[in-house]
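Tertiary structure, described
Single-letter residue listing:
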Amino acid sequence: MSILEICHYIQNTEWATNLRQADFAFPLIEGTHIIALSLSVGLILMLDLRLLRLAFQSEPVSRIMNQVMPWALPGFGIMFLTGLLLFFAQAESVYNNSYFRIKVLMLLLLGVNAAVYQYKFYPHMDEWDSGSVPFGAKIVAVISLVLWMAVIVAGRLTAYEL
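Conventions used here
Residues numbered from 1 in each chain as written. Predicted model: local features only at pLDDT ≥ 70, side-chain atom pairs only at ≥ 80, totals over all residues. Heavy atoms only, no water. Axes fitted to C-alpha atoms, helices over the stretch in contact; angles between N-to-C directions. Helix = DSSP H or I, 4+ residues; strand = E, 2+ residues; numbered from the N terminus. Parallel < 35°, antiparallel > 145°, perpendicular 65-115°, else oblique. Contact = heavy atoms within 4.5 Å. Nonpolar A, V, L, I, M, F, W, Y, C, P; charged D, E, K, R; others polar. Buried < 20%, exposed > 50% of the residue type's maximum accessible area, 1.4 Å probe, protein only.

**Regarding the packing of helix α2 (residues 14-21) against helix α4 (residues 61-89)**
As a packed pair, α2 and α4 sit with axes 8 Å apart at the nearest point and diverge in direction by 100°. Taken together, α2 and α4 sit at an angle that is classed as roughly perpendicular. Residue-level inspection shows Trp15, Ala16, Leu19 and Arg20 of α2 in contact with α4, the latter providing Leu85, Phe88 and Ala89. Taken together, the residues of the contact of α2 with α4 break down into 6 nonpolar, no polar and 1 charged.

The following block contains the structure:
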């Protein structure tokens, strides 16, 4: 069974059909997805801008991180769950959309980028917290900003192509 056949099966389940045809459920999930994206990405943007010393320069990086992550992570979780629901409702159409594939690739690269920060830079953050941010951490921030912009653009283009 191919991935396309699996997507066809998912999209045509009774549950996915009911979700797709519901008057309020689909728009509510889509709206929640966009709000959660705004919350999560907006807060991650704050951290990235601090790492680049473009905002919050007087605040230690750890303080920004400790304040944004308790909100950004649940926002990402909600965004991920609502994204799955949106995918299930239109799995075959979405799978065939090249913008969706770009979006998924960018999300995977964002996961790798976040892992690099967490394992390489986060454990030593107290050493450079108020001083100079390591060049590698700045590169991670730039990559994060570029990839999140790409995810948002590809997500909007995905919706317009369905």
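Right, picking up where we left off after that structure.
**Observations concerning the environment of Ala16**
With respect to the element layout, Ala16 can be found in helix α2. The exposure class assigned to Ala16 is buried, which follows from its relative accessible area of 0%. Sequence-wise, Ala16 and Phe87 are 71 residues apart; in three dimensions their C-alpha atoms are separated by 9.2 Å. When sequence neighbours within four positions are dropped, the list of residues in contact with Ala16 reads Ile10, Gln11, Phe88 and Ala89.

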